[in-house]
Amino acid sequence: MNNKIYLFLFILITASCGVTKDLHSKPIFRYVDLYQYGKIELGQDISKFDSLLEKNGDHKFLKQNVFGGSESIQLVQNSQGKISAIIFSYGNETDLRSKIKDYQYLGKPKIEKKNASWTDGKTLYEVYVENQIVYAKMTDLL
């Protein structure tokens, strides 16, 4: 009987290792819906979207005619060529507080230096200001 309890506890602890979840956050979306062009999702092979991208130095951005709702969308790739982050630039005309409120449906954010973040163990979503420009960043945690 004791062996079964230890086995159960071992499985329970092992299954929960490495998964940190903000108890105030709901599941976070992991994609950008480009409607007629389909969806771009974290973890996908970035080369699949080459026809929709333009390079600016070492950075890859969606072409302007592909999306709406932000000034630019940058796709960040990892060493395996997979999309590891998607960064939305909203420019300097957007108010940080109102952008954070736009995502309140994700739950209560963690606030640091006026910036907000949510995590569900799979995805980190951040809304922040850098050089007076408001950004939102979706990062793959898997």
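Residues numbered from 1 in each chain as written. Predicted model: local features only at pLDDT ≥ 70, side-chain atom pairs only at ≥ 80, totals over all residues. Heavy atoms only, no water.

Draft legend 1. View of the overall build of the chain. Counting secondary structure elements, the chain contains 2 helices and 10 strands. Tracing the chain from N to C terminus, the helices and strands come up as α-β-β-β-β-β-β-α-β-β-β-β. Going through the 142 residues of the chain one by one, you find that 38% of them count as buried. For the chain, the proportion of contacts with a sequence separation of at least 24, taken over those separated by at least 6, is 46%. Surface exposure of the chain reaches about 9,600 Å², of which carbon and sulfur atoms provide 52%. (Helix = DSSP H or I, 4+ residues; strand = E, 2+ residues; numbered from the N terminus. Buried < 20%, exposed > 50% of the residue type's maximum accessible area, 1.4 Å probe, protein only. Contact = heavy atoms within 4.5 Å. Areas by Shrake-Rupley, 256 points an atom, 1.4 Å probe, with all protein chains shown as cover.)

Draft legend 2. Spotlight on the pairing of strand 8 (residues 115-119). Counting buried residues in strand 8 gives 4 out of 5 residues, a clear majority hidden from the surface. Inspection of the sheet shows strand 7 (residues 110-112) paired to strand 8 by 3 bridges, in the antiparallel sense. Residue pairing for strand 8: glutamate 112 is matched across the bridge by asparagine 115. Hairpin connection between strand 7 and strand 8: a loop of 2 residues separates the two successive antiparallel strands, and lysine 113 in this loop has a positive phi of roughly 50°. Two strands pair when backbone bridges link them, and strand 8 and strand 9 (residues 123-130) are joined in this way by 4 bridges, in the antiparallel orientation. Each residue of the ladder has a partner; that of alanine 116, found in strand 9, is valine 127. Counted along the chain from strand 8 to the antiparallel partner strand 9, the turn is 3 residues long, and its residue glycine 121 has a positive phi close to 90°. (Pairing = 2+ DSSP bridges.)

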